[in-house]
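Residue-level listing of the chains:
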Amino acid sequence: MLNQVLGEERFPVKVEELALEYSTQCFPNSPIAKIVGEDLPDFEGLLKSNKDQSRWLIVYNSSVASPGRRRFTLAHEFGHYLLHRQLQPQFACSQQDMEDWDADERQIEVEADVFASFLLMPLDDFRKQVAGQAISFDLLSHCASRYGVSLTAAALKWIEI
């Protein structure tokens, strides 16, 4: 759908704009109303609703050094909004939480990570970028730059496909 609307040279995905616009268009009674970056120690991201779940807020840790990591966190929280907002009114993601989740929470986090990966690095385009090429630092750097993600995220996507 994004290829049809924005074209194949739409990278890196403007996650913040997409989350605000898509949620307003598709879920006008409970859109994402605000996305903000805050300096939050030991905290990656947060999706939180108001009391009646008529508005949602995404907060990401702006002190994270890697712009790619911040973008992935924003896409991850957008994934929670699309996939899981009916389950609970808040999703707080910290490094400590990643180690302490039970099986259900871990599955929800995996799903949000998979969503973020496919939103930022769609399989069809990623395959075109790497087709027929041997893995190399230059290839992964190209992919990381194209999609606005970390080298680690690009390498994990390459391993996945």
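Scroll up to find the structure.
Numbers given to residues run from 1 along each chain, matching the order in which its sequence is written. Predicted model: local features are reported for residues with pLDDT of at least 70 only, side-chain atom pairs are reported and counted for 80 or more only, and whole-chain, interface and lining totals are derived from all residues. As a convention, hydrogens and water are excluded, and side-chain values are obtained from all of the structure's heavy atoms.

Asks: Help me understand the nonpolar core, please; the structure alone is not making it clear to me.
Replies: It is characteristic of soluble globular proteins that their nonpolar side chains tend to be buried jointly. The nonpolar core is taken to be a set of buried Ala, Val, Leu, Ile, Met, Phe, Trp, Tyr and Cys residues, with the residues joined through side-chain atoms within 4.5 Å. Burial status follows relative accessibility: with a 1.4 Å probe on protein chains alone, a residue under 20% of its type maximum counts as buried, one over 50% as exposed, and anything between as partly exposed. Within the largest apolar cluster, 32 residues are counted, with the highest numbers of intra-cluster contacts made by Ile32, Leu119, Leu120 and Val149. Elements that contribute at least two residues to this core include exactly helix H2 (15-26), strand E1 (32-38), strand E3 (56-61), helix H3 (67-84), helix H5 (103-120), helix H6 (123-130), helix H7 (137-147) and helix H8 (151-160). Put simply, DSSP H or I for four residues or longer makes a helix, DSSP E for two residues or longer makes a strand, and each gets a number counted from the N terminus. Counting residues per element, this core draws most heavily on H3, which supplies 5 residues. Every residue pair with non-hydrogen atoms within 4.5 Å of one another is taken to be in contact. With residues near it in sequence (within four places) discarded, Ile32 still touches Ala19, Leu20, Ser23, Trp56, Ile58, Phe78 and Tyr81.

Asks: Could you clarify how one ought to interpret the environment of Arg69 in this entry?
Replies: Residue placement: Arg69 occurs in helix H3. For Arg69, a relative accessible area of 29% corresponds to the partly exposed category. On a C-alpha basis, the gap between Arg69 and Val149 in space is 6.6 Å, while along the polypeptide they are 80 residues apart. Those residues within four positions of Arg69 in sequence are excluded, and the remaining contacts are Glu44 and Val64. A polar atom in the side chain of Arg69 sits 3.4 Å from the side chain of Glu44. Nitrogen and oxygen atoms within 3.5 Å of one another constitute a polar contact, given that in protein one can donate a hydrogen and the other can accept it, and given that sequence-neighbouring residues count only through two side-chain atoms.

Asks: Hey, could you run me through the environment of Leu120 in this one?
Replies: Looking at the secondary structure, you find Leu120 in helix H5. The exposure class of Leu120 is buried, given its relative accessible area of 0%. Not counting residues within four places of it along the chain, the set of residues in contact with Leu120 comprises Phe11, Val13, Val15, Arg71, Phe72, Ala75, Tyr147 and Val149.

Asks: Would you mind going over the sheet that holds E3 with me for this structure?
Replies: Backbone hydrogen bonds are what pair the strands of a sheet, in a parallel or an antiparallel way. Strand order in the open sheet formed by 4 strands is E1-E3-E2-E4, and the pairing between neighbours is mixed. At either margin of the open sheet sits one strand with a lone partner, and together these are E1 and strand E4 (90-93). Pairs of neighbouring strands in the sheet enclose a mean axial angle of 15°, with direction left out of account. Here, a strand pair is defined by DSSP locating no fewer than two bridges between the strands. Two strands pair when backbone bridges link them, and strand E2 (residues 45-49) and E3 are joined in this way by 5 bridges, in the antiparallel orientation. When the bridges of E3 are listed, Leu47 appears paired with Ile58. Lines fitted to the C-alpha atoms define the axes, with helices restricted to the stretch that makes contact. Angles between their N-to-C directions range from 0 to 180 degrees. Across the sheet, H3 is in contact with E1, E2, E3 and E4; its angle to E3 comes to roughly 155°.

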